[in-house]
Amino acid sequence: MENKELLKQRVEELAARVSGEVKESFGVFILKVKAPYIIETLTAAKSFTDVPCDFLHDLGGLDLGDHFEVVYQLSSLRGPQLLRVKAIVDRENPVIDSVTRIWQGANFLEREAYDMFGIIFKGHPNLKRIYLWDDFEGYPLRKDYVTEPIEVRNIVRTRIEGE
Amino acid sequence: MAIENTQELILNMGPQHPSTHGLFRMIVHLEGETVTKIIPKIGYLHRGMEKLAESRTYSQFIPYTDRLDYLASPHNNWAYVQTVEKLMGVEVPERAEYLRVIFGELARIASHHIMIASTALDFGGSTPWFYLFRDRERILDMFEMTSGSRLTVNIMRIGGMCAEPPAEFWPALQSFLDDSPEMLEEYYGIFFGNEIAQARLKNIGILPKELAENLSITGPILRASGVNYDVRKAEPYSIYNRFDFKVPVRTGCDSFDRTMIRMDEIMESLKIIRQAVRDIPEGPIMAKIPKVIKPPVGEVYHRVENPKGELGFYIVSDGTTKPSRVRIRSGSFINLQMLPIVAVGWKIQDLIAIFATMDAVLGEVDK
């Protein structure tokens, strides 16, 4: 438990610095920050003294209706600490800094988030669609994406736009 | 001897290629026979699992998880149902936990069988393939007895198991365990004791420890690079803290150690199964859960140690019967990132060996 207390202290210190908010859910601390602070937050989390969260476990997008979130799951190979960092990304202008400079492993994950949510990662070496073909229209995991076949989708679209 | 006026050759491997273990395509730039650049192309098996999950109820999504890493489907079920159980706060009965461990570890062995067999096949050794498939068959038979299917088993439910194993399951498992030391000796002799295997794998495709960590590599590949990390030990889920087993670690960082570590893991898995069979209690195999599964509003991330790497599920619930978001963190997908980095500078036949020892399953890569 000592580890957890220490982590809590570090996360709260960091939250004060990057004007983020801390929550706890199922024993994991969630640090929510605004997109421009993401590099600073993750660099600091990577080098927390005694409880470094230095392993990027996962990265994925999340559509919350009025905004997107990029969810980073951090852990460590040398300790039990877990941290979830969430970056709030604007829906109209979904741009966030790429973390490939901190972890090379973010490469495919950021491409996937771009493919599925259309979130643009600034500074990514090769930001292209990874699963879908290049001229695919739309971003499937957004909540407003219509999953019907393309012909039906066009009919739906003309109806909505016509009204 | 210097050759002048050489030209770079671009070779397109896959998607239909026996060494790509599914539908994987790589565009390989070659200088003679030496690889200078690899561009991996994935998505040929993309089914949009994460999107499908949003229009299915929590229970309806379990069979879809079978199709992630289809060589170890009980593990995928396990990761998913445990995530939902964590979200709902369901306590799973003891017997179900033991059965989950038995089936999970059997699936791990079956998955490693495929890995060793196909690695041998990829550089021309077809005999190990038959030896390992002969033994894998017995595991699949045990799956069939219990769930009715062999590959995509759909064996777990939210709150427990789909069925009690039939009476003939236990003797079959016992005879498999009894024969296993002999089997392992055979694999060792025919594959690892083989001079060609040693020549083709040793010191090929070095993945240093620091690079592996930076690339978010997990699973046996990480442990073959000298990192002692296994979720079963680091963050024991289910009942793994009750078993006595070791985490095999090797420091060679090469293709040979990535193959050998699978052998070591088979041995440890057998040890866990023996203990589980010894200790398994009587009792129910399903918890009392409501007919309509409606987890409370919240989010949870849970990961398990899959044979190919860590499999994580991040589920966001909005309080309805369908998940609002299911994010799948699949081991093979992230592990695939090492290929364009590690295989550069090696000959084309080494590229095949490196890809084989990564043991990527395209069902999990493409989701």
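Residues numbered from 1 in each chain as written. Chains lettered and ligands numbered in written order. Predicted model: local features only at pLDDT ≥ 70, side-chain atom pairs only at ≥ 80, totals over all residues.

Engineer: Would you take a moment to explain the overall build of chain B for this structure?
Structural biologist: Helix and strand counts for chain B stand at 15 helices and 8 strands. Taken over C-alpha atoms, the radius of gyration comes to 21 Å for chain B, in line with the 21 Å a tight globule of 367 residues would show. Principal-axis analysis of the C-alpha atoms places the extent of chain B at approximately 75 × 45 × 35 Å. Summarising the internal contacts of chain B: among those between residues at least 6 apart in sequence, 69% fall at separations of at least 24. (Helix = DSSP H or I, 4+ residues; strand = E, 2+ residues; numbered from the N terminus. Rg over C-alpha atoms; globule rule 2.2 N^0.38 Å. Contact = placed C-beta atoms within 7 Å.)

Engineer: It is not clear to me how helix H6 (residues 169-192) of chain B should be interpreted in this structure. Could you clarify?
Structural biologist: Residues and elements named next belong to chain B. Of all the bends found along H6, the most pronounced is centred on Ser 180 and spans about 45°, while Pro 181, a proline, follows it within four residues. The complete set of buried residues in H6 reads Leu 173, Tyr 187 and Phe 191. On the buried face of H6, the contacting elements are helix H4 (94-122), helix H5 (127-147), helix H7 (195-201) and helix H11 (255-279). (Bend = angle between axes of the 7 residues up to and from the residue. Buried ≥ 20, exposed ≤ 12 C-beta atoms within 10 Å, placed from the backbone.)

Engineer: Please explain the interface of chain B and chain A as it appears in this structure.
Structural biologist: One frequent convention defines the size of an interface as the accessible area lost when the parts assemble. Opposite the 29 residues of chain B that make contact, chain A presents 25 residues. Those elements that provide at least two residues to the side of chain B that touches chain A are helix H1 (49-54), helix H8 (209-214), strand E6 (298-306), strand E7 (309-317), strand E8 (325-329) and helix H12 (331-335) of chain B. The class makeup of the residues in the side of chain B that touches chain A is 11 nonpolar, 8 polar and 10 charged. (Nonpolar A, V, L, I, M, F, W, Y, C, P; charged D, E, K, R; others polar.)

Engineer: Help me understand the pairing of E6(B) in this model?
Structural biologist: Regular strands show a simple pattern: their side chains alternate between the two faces of the sheet. All names here are of chain B. Across the 9 residues that make up E6, a large majority, 8, are buried. Pairing geometry for E6 and E7, over 9 bridges, is antiparallel. Bridge assignment links Val 304 to a residue of E7, and that residue is Leu 311. Linking two consecutive strands that pair antiparallel, namely E6 and E7, is a turn of 2 residues. (Pairing = 2+ DSSP bridges.)

Engineer: Just to check I follow, could you spell out the nonpolar core for this structure?
Structural biologist: Note on soluble globular proteins: their nonpolar side chains tend to be buried together. Grouped together as the largest cluster of nonpolar side chains are 141 residues, with contacts concentrated most on A:Val70, A:Leu83, A:Val85, A:Ile119 and B:Leu106. No other element matches H4(B), which puts 15 residues into this core. Aside from chain neighbours lying at most four places away, what touches A:Leu83 is A:Val11, A:Phe29, A:Leu31, A:Ala45, A:Cys53 and A:Leu74. (Core = buried A, V, L, I, M, F, W, Y, C linked by C-beta atoms within 7 Å.)

Engineer: What's the story with the sheet that holds E8(B) in this structure? I'm lost.
Structural biologist: Residue and element names in this part refer to chain B. Reading across the sheet, the 3 strands line up as E6-E7-E8 and stay open at both edges, with antiparallel pairing between neighbours. A strand with exactly one partner marks an edge of an open sheet, and here the two such strands are E6 and E8. On average, each strand axis in the sheet is tilted by 10° relative to the strand beside it, whichever way the strands run. Across the sheet, helix H3 (residues 73-88) lies against E6 and E7, angled at about 150° from E6, the strand it touches most. (Axes fitted to C-alpha atoms, helices over the stretch in contact; angles between N-to-C directions.)

Engineer: So what exactly am I meant to see when it comes to the confidence of the model for chain B here?
Structural biologist: When the pLDDT values of chain B are averaged, the result is 87; 98% of them are 70 or greater. Scoring of the predicted complex yields 0.89 for pTM and 0.86 for ipTM. (pLDDT = per-residue confidence, 0-100.)

Engineer: How should I be thinking about the pairing of E7(B) in this particular structure?
Structural biologist: Residue and element names in this part refer to chain B. Within E7, 9 of the 9 residues are buried, which leaves the element mostly enclosed by the surrounding structure. By the bridge criterion, 5 bridges tie E7 to E8 in an arrangement that is antiparallel. Bridge pairing in E8 places Tyr 314 opposite Arg 327.

Engineer: Help me out: how do you make sense of the sheet that holds strand E2 (residues 25-31) of chain B in this one?
Structural biologist: In a beta sheet, neighbouring strands are held together by backbone hydrogen bonds and run either parallel or antiparallel to one another. All names here are of chain B. With respect to topology, 3 strands assemble into an open sheet ordered E1-E2-E3, the strand pairing being antiparallel. This sheet does not close on itself; its edge strands, each paired only once, are strand E1 (9-13) and strand E3 (34-41). The average angle at which neighbouring strand axes cross in this sheet is 20°, direction not considered. Pairing analysis gives 5 bridges linking E1 to E2, with the strands arranged antiparallel. Each residue of the ladder has a partner; that of Ile 10, found in E2, is His 29.

Engineer: Help me understand the environment of B:Met26 in this model?
Structural biologist: Residues and elements named next belong to chain B. By secondary structure assignment, the location of Met 26 is in strand E2. Residue classification places Met 26 among the buried positions, given that 22 C-beta atoms sit within 10 Å. For the pair Met 26 and Glu 85, spaced 59 residues apart in sequence, the C-alpha to C-alpha distance is 39 Å. Residues in contact with Met 26, not counting those within four places in the same chain, are Met 13, Gly 14, Ile 38, Ile 39, Pro 40 and Lys 41.

Engineer: Help me understand the environment of A:Val71 in this model?
Structural biologist: Relative to the helices and strands, A:Val71 resides in strand E4 (residues 67-75). What makes A:Val71 buried here is the crowd of 22 C-beta atoms within 10 Å. For the pair A:Val71 and A:Gln9, spaced 62 residues apart in sequence, the C-alpha separation works out to 21 Å. Among residues more than four places away in sequence, those in contact with A:Val71 are A:Gly60, A:Leu62, A:Arg84, A:Lys86 and B:Tyr314.

Engineer: Looking at this structure, how should I read the packing of H3(B) against H4(B)?
Structural biologist: All names here are of chain B. Look at H3 against H4: their axes get within 7 Å of each other, and the N-to-C directions meet at 135°. With respect to H4, the element H3 is oriented oblique. Each of Ser 73, Pro 74, His 75 and Trp 78 in H3 lies in contact with H4, whose residues at this interface are Arg 100, Phe 103, Gly 104 and Ala 107. Residues that form the contact of H3 with H4 fall into these classes: 4 nonpolar, 3 polar and 1 charged. (Parallel < 35°, antiparallel > 145°, perpendicular 65-115°, else oblique.)

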